[in-house]
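Below, each chain spelled out in residue letters.
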Amino acid sequence: MRIGELARRTGVSERSLRYYEQQGMLTAERTPGGHREYPEAAVDRVIRIQELFAAGLCSEKIVQLLPCMRDTDGGPSARATPSLVAELTAERARIDRMIADLVRSRDTLDEVIEAARLP
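Residues numbered from 1 in each chain as written. Predicted model: local features only at pLDDT ≥ 70, side-chain atom pairs only at ≥ 80, totals over all residues. Heavy atoms only, no water.

Per an unreviewed UniProt entry, the protein chain goes by MerR family transcriptional regulator and derives from Streptomyces lomondensis.

Undergrad: How should the overall build of the protein chain be read in this particular structure?
TA: Across its full length, the protein chain holds five helices and two strands. When the helices and strands of the protein chain are read in sequence order from the N terminus, they spell out α-α-β-β-α-α-α. The C-alpha radius of gyration computed for the protein chain amounts to 20 Å, which surpasses the reference 14 Å derived for 119 residues by more than 25%, pointing to a less compact arrangement than a globule. For the protein chain, the spread of C-alpha atoms along the principal axes amounts to about 75 × 35 × 20 Å. Looking at the 119 residues of the protein chain, the share that counts as buried comes to 29%. Considering only intrachain contacts with a sequence separation of at least 6, the fraction spanning at least 24 residues in the protein chain is 44%. (Helix = DSSP H or I, 4+ residues; strand = E, 2+ residues; numbered from the N terminus. Rg over C-alpha atoms; globule rule 2.2 N^0.38 Å. Buried < 20%, exposed > 50% of the residue type's maximum accessible area, 1.4 Å probe, protein only. Contact = heavy atoms within 4.5 Å.)

Undergrad: Looking at this structure, I do not really get the pattern of salt bridges. What am I missing?
TA: Pairing is possible between side chains of opposite charge, provided their charged atoms come close. Here the structure, examined in full by the defined rule, presents 11 salt bridges. Glu51 is paired through a salt bridge with Arg48; the nearest N and O atoms lie 2.2 Å apart. One end of the pair, Glu51, and the other, Arg48, are both in helix H3 (residues 41-54), three residues apart, so they sit about a helical turn from each other. Residue Arg104 pairs with Asp101 through a salt bridge whose shortest N-O separation is 2.1 Å. Linking Arg104 with Asp101, this pair stays in helix H5 (residues 82-117), spanning three residues, or about one helical turn. Judged by relative accessible area, which is 48%, Arg104 ranks as partly exposed. Via salt bridges that share partners, Glu5, Arg9 and Glu40 belong to a single interconnected network. (Salt bridge = Lys/Arg side-chain N within 4 Å of Asp/Glu carboxyl O.)

Written as structure tokens, this is what we have:
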């Protein structure tokens, strides 16, 4: 499929898809005319990339992680290494800290809102 179709099917801009390719997260064959041709599996790959970005991972970490994940279900592939598991565990701890900070901020806002409602 061409880049425009992949963009439509995943909701990701063509510019982002080119960036993913440049960073080594996505690959495409080239037609004789130089157009990108993506396999059907690219849809799952792009969705997986988006999920990893949404989880707070940077592109460098995603490039390391993708070869260790199955695109279809996000499960680990045979290439997952103990080192990668340690890095991902640290990343998960960072995300947990961010969530705790956000919950504290929300609780503070709730207190302010409640105080402002009192006569």
